[in-house]
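Close look at the chain arrangement
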Amino acid sequence: MTTDTSREELDAVVVGAGFAGMYMLYQLRDVLGLSARVFEAGDDVGGTWYWNRYPGARCDSESYLYCYSFDKDLAQEWTWSGKYPEQPEILRYLSHVADRFDLRRGIQFETRVTAAHFREDLNRWEIETDQGDRVLARYFITGVGCISAGQVPEIQGLENYEGEWHHTGAWPHEGVDFAGKRVGVIGTGSSGVQAIPVIASQADHLTVFQRTPQYTVPARHGTVTPEFLEEVKEQYDEIFEKTRFSAGGTPYGEPERSALDVDDEERRDIYEAAWEEGGFRFLLTTFSDIRVDRRANDTAAEFIRSKIRETIDDPDTAEKLLPRDHPFGSKRTLIDTNYYETYNRDNVDLVDIRHAPIEEITANGLRTRDGDYELDVIVFATGYDGMTGAFNRIDIRGRDGERLREKWAEGPRAYLGLSPAGFPNMFMITGPGSPSVLSNMPPTIEQHVEYISDFIAYMGEHNFETAEAEADAEDEWVAHVNQTASETLYMLADSWYLGANIPGKPRVFMPYAGGLDVYREKCDEIAAAGYEGYALHSREPIEA
Ligand code: NAP
């Protein structure tokens, strides 16, 4: 970075124009009246929904909950077509929001932020982009997404592959023609289980390379009736209120019964009903203890295994698909449409790469320890460097030139998952240490954006120049995040929540497992106490 200070100055720079960055821009510009710019790498709004155009991509949260609640008219005027929102429809929704609030004029597209350094001499962030922009901003706010840094595993030989390959998170806008092709999909997480049935229906032959069998619950996707949507719109105030004050960002309510307090028949009936209803309700609404008690969890896990055995015709394939090495829900619960049924198709094979790992990508396909597979297209549904990856791709430096990626070398640290100590006036929307990915994202994002916006307004009213998380407050919060995670079953899986999918990444549970409701209460208390845990510094008095 240069030291020249004659550059454009803004109140705030925001990184990313997805759900988070768009609402942040609205708050900064239209509510607080500040000057703000969003830098976005894509050529339009949408964030994760701009990049993830793979076949079958859709959100696992129900449509009527996967939207902004901050504007009542917006909620009333938008009508979803299905139970779950499909990627093109979410993109249309976000484009509508951008038009409605005239957001695009505040967003600089096709621009990646490469560096953000805190200038102690100016109390400003100096931000650089790959397009040569240099901007000074009082506030540096990230809306970079939790699962945006795609991960293609380092497998020997990829550079020699003569076929076509794609990562699900960077899918070509023009789509991929699978007709008549031999396709390989590596990875069976959320992206893989959505893409596999659709690719199987289009390709000549599909080979799925599975490392860890996971639990997936049917989505029961379909259209929604006008009556249902009308009812939702009438009740939106109540629904949004419940959502805001819930643990998982849904209005479903918390189950009270233990899975161990009912007999086998009743338990099976409850699981069966939730299985028929589909989606996250199976995890969230059946029993109170399946996410914390291993014995209770085993009952849900065994129910799902029984469904897999029932669905798959070939017992050997069924056996390969049975998840056994981690509790249900300890990795992100998968929601699918015809995933298990797909293995009954004649043109689909499942290859277990846990026991016979991929050794090499060849010119014509790939080689596992057990043999060669000829493939015209390889799809990497191999996930992300979650929560911290997008930060590490930017050169972020705080006080004394401290690099964020060094501060986070042993795992991410930030007060409330929002503010890293030593990085004044930096705020992370859904950063590591916040409920983020463990909750339905839009209400979680709205909570963060509104907290940040209120904080910035407070600083203006009180003539504060900088807000910086105190090291003790950060330590306490990080300890609380770790303690909360240790009381759950999340620690028992090799998940991306724990960084286990990235070789060499420290094993730290990154999201906050205490729930959005508890988190919101904590943030509100902190704000009411004058932003306790932050060192607030006033502006220098202006000399007469
Ligand atoms: P993921 O959950 O991390 O799954 C990646 C898959 O690739 C896993 O099966 C993993 O196996 C496998 N894999 C990774 N590295 C590999 C390697 N070197 N060799 C072989 N296999 C490898 O990634 P994702 O499916 O993209 O989902 C990421 C997150 O994005 C989700 O958890 C969810 O939060 C979000 N998402 C949401 C939706 C939705 O709402 N519908 C859709 C897509 C994604 P292991 O299990 O053995 O690591």
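Anything mentioned here points back to the structure above.
Source: prediction; values computed, not measured.

Quick word on the site of the ligand
In the vicinity of the ligand lie 24 residues, with Arg58, Ser191, Arg211, Thr212 and Lys331 positioned nearest. Contact between the ligand and Asp60: a nitrogen atom at 3.1 Å from a side-chain N or O atom of the residue. A distance of 2.9 Å separates an oxygen atom of the ligand from a polar atom in the backbone of Thr188. Contact with the protein chains covers 88% of the free accessible surface of the ligand, which is 910 Å². Ranked by residues supplied to the shell around the ligand, first place goes to helix H5 (residues 190-202) with 3 residues. Of the residues in the shell around the ligand, the class split is 9 nonpolar, 9 polar and 6 charged.

Some words on helix H1 (residues 19-31)
In this model H1 runs 17 Å from its N-terminal to its C-terminal C-alpha over 13 residues, within 8% of the 18 Å that 1.5 Å per residue would give. A large share of H1 lies buried, amounting to 11 of its 13 residues. Considered for burial, the residues of H1 that qualify are Phe19, Ala20, Gly21, Met22, Tyr23, Met24, Leu25, Tyr26, Gln27, Leu28 and Arg29. Taken from the residues just after H1, Gly33 is the one with a positive phi, measuring 70°.

Observations regarding the side chain of Gln27
Mapped onto the fold, Gln27 is located in helix H1. We classify Gln27 as buried; its relative accessible area is 9%. Not counting the four nearest positions on each side in its chain, Gln27 is found in contact with Leu32, Val449, Glu450 and Ser453.

Brief notes about helix H4 (residues 87-100)
With 14 residues, H4 ought to run about 20 Å at 1.5 Å a step, and its terminal C-alpha atoms sit 20 Å apart, in line with that. Its buried side turned inward, H4 meets H1, helix H2 (48-51) and helix H3 (72-77). One or two positions beyond H4, positive phi appears at Asp102, with a value near 50°.

Examining the packing of aromatic side chains
For the structure on display, the rule yields 50 aromatic pairs. Aromatic side chains Phe19 and Tyr93 sit 6.3 Å apart centroid to centroid with 35° between the ring planes, which places their arrangement in the tilted category. Of the two residues, Phe19 sits in helix H1 while Tyr93 sits in helix H4, which places them 74 residues apart along the sequence. Both residues of the pair, Phe19 and Tyr93, count as buried. Grouped by ring-pair contacts, the aromatic residues Phe19, Tyr23, Tyr26, Trp49, Tyr66, Tyr68, Phe70, Trp78, Trp80, Tyr93 and Phe101 constitute a single cluster. When the ring centre of Tyr252 is taken as origin, the NZ or CZ atom of Arg281, which lies over that ring, is 4.0 Å away. Between Arg520 and the ring centre of Phe245, over which it is positioned, the NZ or CZ distance is 5.3 Å.

Conventions we followed
- Residues numbered from 1 in each chain as written.
- Predicted model: local features only at pLDDT ≥ 70, side-chain atom pairs only at ≥ 80, totals over all residues.
- Heavy atoms only, no water.
- Near = heavy atom within 4 Å.
- Polar contact = N/O pair within 3.5 Å; in protein donor to acceptor, adjacent residues only side chain to side chain.
- Areas by Shrake-Rupley, 256 points an atom, 1.4 Å probe, with all protein chains shown as cover.
- Helix = DSSP H or I, 4+ residues; strand = E, 2+ residues; numbered from the N terminus.
- Nonpolar A, V, L, I, M, F, W, Y, C, P; charged D, E, K, R; others polar.
- Expected span 1.5 Å × (residues − 1).
- Buried < 20%, exposed > 50% of the residue type's maximum accessible area, 1.4 Å probe, protein only.
- Contact = heavy atoms within 4.5 Å.
- Phe/Tyr/Trp six-rings, centres within 6.5 Å; stacked < 30°, edge-to-face > 60°.
- Lys NZ or Arg CZ within 6 Å of the ring centre and 35° of its normal.

In short, geometric facts, not functional conclusions.
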